[in-house]
Amino acid sequence: MHLDTDVDMTRIQAHRAAARAAGRRYSLVSYLLYAAGRVLDRHPEANAVTAPGWPGLLRRPRTVRFDGVTAKLALDRPVDGERAVLSALVPGLESATLAEIQERVDHYRGEQAATLPEFAGVRLLGRLPVPLGRAAFAAALRDPRRRAGVLGTVSVSSLGHRAVDGFHSAGGTAVTLCAGRVADRPVVRDGTVTVAPVMRLNLTFDHRVLDGAAAADVLSDLHDTMEAFDESTTSTTNTTDSTGARRPVPETGARAADRRSRPVGGPAAGPQ
């Protein structure tokens, strides 16, 4: 199943520009990883997987939730002289700072990324006969406790470096996030049309793990977290009230002022 939304990237682009002026560089995908870690920590039902029953006749499939948030980041890198997709794991996103996430992303940037020790298992699987390689991979995924270290708990992919507005992909996790390019588009703020940098964000979800309403909650939280980005005030832990229920992330002043922003021609805001 697929959902999508448009994210006003004004605050994130302003943060990137200020960081660049101070000599620091942040990729757009790092902001998405940062937001995904916080959001999935607030929505543990989406940071989960359907584990197969084993033995099949004795145990039914079950949903297993993960303790932490680990992204599987898709990378376009050369492997043995050919263009290929590598899957790099970025763990601890529920508490990692933006700088820590960017450091991890930079670790995988080079043309020689495929030779890093992290991909030794992938290289080994590639040398095995196809049936044996598939069997070994399936065996590694059978134990849900090992799955986060193989496939991560959320998949993230970006094609924003090309003229791609949006796309959908299924990365083998309960939630897959796909980011398109950031482009100037007309938006409405307080009844006035203006221009803002907007990014299309797509979410694909496994209906065996969560339903459409829950997935919509996750995407809406991602949308709001990115539009209200402020690393200095964003909580890195779960926020609960006296009953133990999770509280929504409070809006910052700028976010509250822009709460009604939406792309021109997009769906009107629902009841508040």
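Definitions and limits used
Residues numbered from 1 in each chain as written. Predicted model: local features only at pLDDT ≥ 70, side-chain atom pairs only at ≥ 80, totals over all residues. Heavy atoms only, no water. Helix = DSSP H or I, 4+ residues; strand = E, 2+ residues; numbered from the N terminus. Core = buried A, V, L, I, M, F, W, Y, C linked by side-chain atoms within 4.5 Å. Buried < 20%, exposed > 50% of the residue type's maximum accessible area, 1.4 Å probe, protein only. Axes fitted to C-alpha atoms, helices over the stretch in contact; angles between N-to-C directions. Parallel < 35°, antiparallel > 145°, perpendicular 65-115°, else oblique. Left-handed = near helix turned anticlockwise from the far one by under 90°. Contact = heavy atoms within 4.5 Å. Nonpolar A, V, L, I, M, F, W, Y, C, P; charged D, E, K, R; others polar. Salt bridge = Lys/Arg side-chain N within 4 Å of Asp/Glu carboxyl O.

The backbone of D190 sits at a positive phi, close to 50 degrees, despite the residue not being glycine. When you line up the elements, D190 lands in the loop between strand 7 (175-189) and strand 8 (192-205).

Within the largest apolar cluster, 51 residues are counted, with the highest numbers of intra-cluster contacts made by L177, L203, L222 and M226. No other element matches the nine residues that helix 2 (residues 28-42) contributes to this core.

Bringing the packing of helix 2 against helix 7 (residues 212-227) into the picture now. Viewed as axis vectors pointing N to C, helix 2 and helix 7 meet at an angle of 130 degrees, and their least axial separation amounts to 9 Å. If you check the angle between helix 2 and helix 7, you find them oblique. Our pair here, helix 2 against helix 7, has a crossing hand that is right-handed. Contact residues: helix 2 offers Y31, L32, A35, A36, V39, L40 and R42, while helix 7 offers V218, D221, L222, T225 and M226. Class assignment for the residues of the contact of helix 2 with helix 7 results in nine nonpolar, one polar and two charged.

What follows is about the pattern of salt bridges. One pass over the full model with this rule turns up seven salt bridges. For D8, the salt bridge identified is with R189, shortest N-O distance 2.5 Å. Of the two residues, D8 is situated in strand 1 (residues 2-8) and R189 in strand 7; the sequence distance between them amounts to 181 residues. D8 sits in the buried class, given a relative accessible area of 7%. Between D165 and R185 there is a salt bridge, with its nearest N and O atoms 2.7 Å apart. You can see D165 sitting in the loop between strand 6 (154-158) and strand 7 and its partner R185 sitting in strand 7, a full 20 residues away along the chain. Note on D165: relative accessible area 34%, which makes it partly exposed. On the basis of relative accessibility, which here comes to 28%, the residue R185 falls in the partly exposed class.

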